[in-house]
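Here are the chains, one letter per residue:
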Amino acid sequence: MKHVQSLPEPSADALEHSEKLVANIKNAIESNGGSISFKRYMEMALYEPCLGYYVAGTHKIGEQGDFTTAPQISPLFSQCIANQCAEVLKSIYTKKASKVGGCIFEFGAGTGIMAAEILLELEKQNSLPETYFILDLSPELQQRQKQTIESKAPHLLTKVTWLTTLPKHFSGIVLANEVLDAMPVDVFTQHGDIVYEHHVIWQDDALLEQLRPATETNPALHDRVLRLNIPKEATPYTSEINSHITHWLKSIAEIIEEGLVLLIDYGYPRKEYYLAERNKGTLICHYQHLVNEAPLLNVGLQDITANVDFTAVAEAADSSKLEVAGFTSQACFLANTGLEEYFKHALENNLDDQYTLAQQVRTLTLPAEMGERFKCIGLTKNYPHQLCGFKDFDQRYRL
Ligand SMILES: C[S@@+](CC[C@H](N)C(=O)[O-])C[C@H]1O[C@@H](n2cnc3c(N)ncnc32)[C@H](O)[C@@H]1O
């Protein structure tokens, strides 16, 4: 991805769409006394009904969109994830005397390619789940998911059920690839001892960021930022906190009876996230495969994303009574779940040419590509077994 200062001009239709969303945001600012928090702004920019980036009809993921995710790069990624799912599903199936097996629940399934590839691999392993549930906030993506599964694995479409809320009970595997980074975040700047919350205002016919003392606007954020112990010498220090993770994991922990929550995303353990030199935070935007740091531009037309604090994920798991069963880099997780064997099999069966396959593996695993920047964390409930994905190179000590 290239970092850029200037962005390609959106089409007239796109600009018209963006203006409608900006009008809604302007109304929200006015009815909230002149400002909204950045987190509320990000929520509207990404998820405002009919207009937000993820909700409206733009292409988003893949070559014609704004960014590419691991399942788009290679089926090898989803096959490795399927291998981890098979292990858990088999264990649940064996334990239950009845013929009822476990399920898979994928949050934010994007184009649906991972769901299709996982189902095909599990079918080969004779380990299909009872049901593959998908919950996505985006109606447009739900449609694309159906089309993808219909074209890649039509005979398995009946296995898939789309939900709009969580089921009451669930046993099996919860999957979320690059979902946490798409959740709205609080943005703060610490100046010495003072913590400011970033707000968005409307001034001179434009959206503008404004810093407001967090003691007045968001005391919980103020306290959380001070607990990060950012050295005063490193301030002014701007970064972000994802406060959604705690509620989100709690709601999952409440319904899961036994199984695994597998989260894959870019980010760091807290000690490496809030480094003095990372004093501008990690919030970036993706527009037509170009990276920019201007979230108030191209409203609703570009992705806004922040890295994940995996220590916060582990803490949220802990307080929800989920066990942190493993943490490692994407490269190590894929190595543990059979990437080499899947690669060899694909080569032997000419599933793609040698150069393309090798390039896919490099992108998924090289440290400078996705291998180190992306992490996998496994959270379990009533599942006291070793997980193959974390059997070597488990790095929970880093959290
Ligand atoms: C960056 S995309 C990743 C898509 C896909 N997992 C992939 O790897 O290609 C983020 C997705 O997460 C979804 N999303 C974000 N927050 C969510 C939530 N709380 N529940 C369900 N889906 C969510 C968005 O609608 C979007 O489809």
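Treat the numbers as computed from the prediction; the structure is a model and nothing was measured.

A. View of the overall build of the protein. When you go through the protein residue by residue, the secondary structure sums to 15 helices and 17 strands. Whereas a compact globule of 399 residues would reach a radius of gyration of roughly 21 Å, the protein reaches 21 Å, a difference of no more than 12%. C-alpha extents for the protein along the principal axes are approximately 60 × 45 × 40 Å. Residue burial in the protein is summarised as follows: out of 399 residues, 57% are buried. Within the protein, residue pairs in contact and separated by at least 24 positions form 77% of the contacts whose partners lie at least 6 positions apart. By element, 51% of the accessible surface of the protein is carried by carbon and sulfur atoms, the whole surface being about 17,800 Å². Between the averaged position of the 34 positive side-chain charges in the protein and that of its 51 negative side-chain charges there is a distance of 6 Å.

B. Representation of the pairing of strand E9 (residues 206-213). As defined by bridge partners, strand E8 (residues 194-203) adjoins E9 across eight bridges and the pair is classed as antiparallel. The residue bridging Gln203 from the neighbouring strand is Ala206, located in E9. The turn joining E8 and E9, which pair antiparallel and follow one another in sequence, is formed by two residues; a positive phi near 50° is taken by Asp204.

C. Representation of the pairing of E8 in the model. One ladder, built from two bridges, connects strand E2 (residues 36-37) with E8; its direction is antiparallel. Residue pairing in the sheet places Ser37 in a bridge with His199 of E8. Here strand E7 (residues 186-191) runs beside E8; their pairing, made up of four bridges, is antiparallel. Considered in E8, the bridge of His191 is made with Ile194. Hairpin connection between E7 and E8: a loop of two residues separates the two successive antiparallel strands, and Gly192 in this loop has a positive phi of roughly 60°.

D. Quick peek at the site of the ligand. In the vicinity of the ligand there are 19 residues, among which Tyr47, Thr69, Gly108, Asp136 and Asn177 approach most closely. Residue Thr69 places a side-chain N or O atom 2.6 Å away from an oxygen atom belonging to the ligand. The backbone of Asn177 places a nitrogen or oxygen atom 2.7 Å from a nitrogen atom of the ligand. Across the complex, the protein chains shield 95% of the 600 Å² of accessible surface that the ligand would expose by itself.

E. Broad picture of the nonpolar core. Ile81, Ile104, Ile118, Tyr132 and Leu175 are the most contacted members of the largest nonpolar core, which totals 47 residues. In terms of residue count, helix H4 (residues 75-95) provides more of this core than any other element does, ten residues in total. Apart from residues no more than four positions distant in its own chain, Ile81 is found in contact with Ile118, Leu175, Leu262, Ile264 and Phe333. Core analysis: the next-biggest nonpolar cluster, separate from the first, contains 32 residues, Ile255, Val261, Val313 and Leu322 among them.

F. Broad picture of helix H13 (residues 339-348). All of the buried residues along H13 are Leu339, Tyr342 and Ala346. The arc that holds every buried residue of H13, seen down its axis, measures 65°, which confines them to one face. Exposed positions of H13 whose direction lies more than 90 degrees from the buried face are Glu340, Glu341 and Glu348. Asn350 lies just past H13 and shows a positive phi near 50°.

G. A look at the environment of Cys85. Inspection of the secondary structure assignment puts Cys85 in helix H4. The spatial distance from the C-alpha of Cys85 to the C-alpha of Ser251 is 21 Å, given a sequence separation of 166 residues. Dropping the residues within four chain positions of it, Cys85 is found in contact with Ile104, Leu122, Ile173 and Leu175.

H. Spotlight on the side chain of Asn307. By the element assignment, Asn307 lies in the loop between strand E14 (303-305) and strand E15 (308-309). Accessibility expressed as a relative area gives 11% for Asn307, which makes it buried.

I. The pattern of salt bridges, seen in detail. Taken as a whole and assessed by the stated rule, the structure comprises ten salt bridges. One salt bridge in this structure joins Glu43 and Arg40, with 3.1 Å as the shortest N-O distance. Of this pair, Glu43 and Arg40 both sit in helix H2 (residues 38-47), three residues apart, roughly one helical turn. Between Asp193 and Lys232 there is a salt bridge whose closest N-O contact spans 3.3 Å. A residue pair is termed long-range when its members are at least 10 positions apart, and Asp193 in the loop between E7 and E8 and Lys232 in the loop between helix H8 (219-227) and strand E10 (237-241) qualify at 39 residues. Where salt bridges share partners, they join Arg270, Asp309 and Glu315 into one cluster.

J. Seen up close, helix H14 (residues 354-365). Compared with an ideal rise of 1.5 Å per residue, which puts twelve residues at 16 Å, H14 spans 17 Å between its outermost C-alpha atoms and is within 8% of the ideal. Among the residues of H14, those classed as buried are Leu357, Gln360, Val361, Thr363 and Leu364. Looking straight down H14, one finds that the buried residues subtend no more than 165° of arc, so they occupy a single side. Structural note: H14 exposes Gln354 and Tyr355 on the side pointing more than 90 degrees away from its buried face. The backbone nitrogen of Tyr355 has a side-chain oxygen 3.0 Å away, supplied by the residue at the start of H14, namely Asp353.

About the thresholds
- Along every chain, residues carry numbers that run from 1 in the direction the sequence is written.
- Thresholds applied to this predicted model are a pLDDT of at least 70 for local features of residues and 80 or more for the giving and counting of side-chain atom pairs; totals over whole chains, interfaces and linings are not thresholded and use all residues.
- Each side-chain value is derived from all of the structure's non-hydrogen atoms; neither hydrogens nor water enter the calculation.
- A run of DSSP states H or I qualifies as a helix once it reaches four residues; a run of E qualifies as a strand once it reaches two. Both are numbered from the N-terminal end.
- As a reference, a globule follows 2.2 Å times the number of residues to the power 0.38, and the radius of gyration itself is taken over C-alpha atoms.
- Per-residue accessibility, obtained with a 1.4 Å probe over protein chains only, is compared with the maximum for each type, and a residue is labelled buried under 20%, exposed over 50%, and partly exposed between these values.
- In this description, contact between two residues means that some pair of their heavy atoms is separated by no more than 4.5 Å.
- Computed with a 1.4 Å probe, the accessible areas rest on the Shrake-Rupley method; for each residue, only the protein chains presented here act as cover.
- His is not counted, nor are the chain ends, whereas Lys and Arg count as positive and Asp and Glu as negative.
- For this purpose, a charge sits on NZ of Lys, CZ of Arg, CG of Asp or CD of Glu.
- The pairing criterion is simple: DSSP has to find at least two bridges between the two strands.
- Throughout, near means a residue has at least one heavy atom within 4 Å of the molecule or strand.
- For this analysis, a polar contact is any N or O atom pair within 3.5 Å, provided that within protein one partner can donate a hydrogen and the other can accept it, and provided that sequence-adjacent residues contribute only side-chain to side-chain pairs.
- Nonpolar cores were defined as sets of buried Ala, Val, Leu, Ile, Met, Phe, Trp, Tyr and Cys residues, with membership established by side-chain atoms within 4.5 Å.
- Directions drawn from the helix axis to the C-beta atoms are what define this arc.
- We define a salt bridge as a contact between a side-chain nitrogen of Lys or Arg and a carboxyl oxygen of Asp or Glu at a distance within 4 Å.
- Any helix carries an expected span of 1.5 Å times its number of residues minus one.

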